[in-house]
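# Overview (structure and organization)
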Amino acid sequence: MNFSVYPTHRAPAKFSFFARLLHWLMAIGIVAMLFIGVGMVASVSERHQWLMQIHKPLGLALLALVCLRLGRRLVYGVPALPADIPAWQRVAALGSHILLYVLMFAMPLIGWAMVSAGGYPVMVGSWQLPPIAPTDASLFAWLRGAHRYLAFLLFATVLLHLAAALFHGWIRRDGVLESMTRGR
């Protein structure tokens, strides 16, 4: 099983419908989470609580989706990059994908730990999840800062990912963007 962007064995010819569905569901969810997060920290009104009630379950849904996505990637691999892509771009693609996966796991887990450290329940409907960190004000403050700064890093990484996809689709026209949009 190979995590690489360009696996050397069992590389599928194209992304499956399921892989593309997971990608786009997560893309929409992550962008929504970034905007909801900005809205939460910019508001002290009742809107803050409403946004928080969307943010927590959406974060948990994204955590479940990234688990599915990573499992699928490890089992089935991903299509190979075009052969003429320079080595530095292959390394950059692999590094940015690893960073994206680390952040997609870290953000919801740090958020869950932060809420736990603050002594707040994490509710999914009427079901309460167990805390994953001890109640501790200084830990809460540290996790809150980490969550914020990693959100900025996630936003920057998503923008870089989008820029690379557009570069492949509009400049190189090498099929990399189409492999995720149309499965070709």
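Just so it is clear, the structure is predicted and the values come from calculations on it, not from any experiment. (Residues numbered from 1 in each chain as written. Predicted model: local features only at pLDDT ≥ 70, side-chain atom pairs only at ≥ 80, totals over all residues. Heavy atoms only, no water.)

## With respect to the overall build of the chain
Within the chain one finds five helices and two strands. Across its three principal axes, the chain shows a C-alpha extent of roughly 50 × 30 × 25 Å. Within the chain, buried positions represent 38% of all 184 residues. The long-range fraction of contacts in the chain, counting pairs at least 24 apart against all pairs at least 6 apart in sequence, stands at 72%. As presented, the chain carries roughly 10,900 Å² of accessible surface, and 72% of it is formed by carbon and sulfur atoms. With 15 positive and 5 negative side-chain charges, the chain shows a separation of 6 Å between the mean positions of the two kinds. (Helix = DSSP H or I, 4+ residues; strand = E, 2+ residues; numbered from the N terminus. Buried < 20%, exposed > 50% of the residue type's maximum accessible area, 1.4 Å probe, protein only. Contact = heavy atoms within 4.5 Å. Areas by Shrake-Rupley, 256 points an atom, 1.4 Å probe, with all protein chains shown as cover. Lys, Arg positive; Asp, Glu negative; His and termini not counted. Charge placed at Lys NZ, Arg CZ, Asp CG, Glu CD.)

## Considering the UniProt feature "domain: Cytochrome b561 bacterial/Ni-hydrogenase" (unreviewed entry) in the chain
Here the UniProt-annotated "domain: Cytochrome b561 bacterial/Ni-hydrogenase" (unreviewed entry) positions come out as residues 15–183. Between the C-alpha atoms that bound residues 15–183 the distance is 5 Å, and the span itself is 76% helix and 4% strand. (UniProt positions renumbered as here; feature names shortened; annotations may be inferred.)

## Points about the packing of helix H1 (residues 17–41) against helix H2 (residues 46–76)
Orientation of H1 relative to H2, taken along the N-to-C sense of each, is 150°, at an axis distance of 9 Å. With respect to H2, the element H1 is oriented roughly antiparallel. When you trace H1 past H2, the crossing you get is left-handed. (Axes fitted to C-alpha atoms, helices over the stretch in contact; angles between N-to-C directions. Parallel < 35°, antiparallel > 145°, perpendicular 65-115°, else oblique. Left-handed = near helix turned anticlockwise from the far one by under 90°.)

## Some points on helix H4 (residues 137–172)
Between the first and last C-alpha of H4 there are 50 Å, a value that for 36 residues agrees with the 52 Å anticipated at 1.5 Å per step. Those residues of H4 that are buried lie in contact with H1, H2, helix H3 (87–117) and helix H5 (176–181). In the stretch just after H4, Arg173 is the one whose phi turns positive, near 50°. (Expected span 1.5 Å × (residues − 1).)

## Concerning unusual backbone geometry
Located in the positive-phi region is Arg173, a residue other than glycine, with phi close to 50°. Assignment of secondary structure puts Arg173 in the loop between H4 and H5. On the basis of relative accessible area, Arg173 is assigned to the exposed category, the value being 67%.

## Thoughts on the environment of His147
In this structure, His147 sits in helix H4. When sequence neighbours within four positions are dropped, the list of residues in contact with His147 reads His55, Met107, Ile110, Gly111 and Met114. A distance of 3.3 Å separates a polar atom in the side chain of His147 from the backbone oxygen of Met107. (Polar contact = N/O pair within 3.5 Å; in protein donor to acceptor, adjacent residues only side chain to side chain.)

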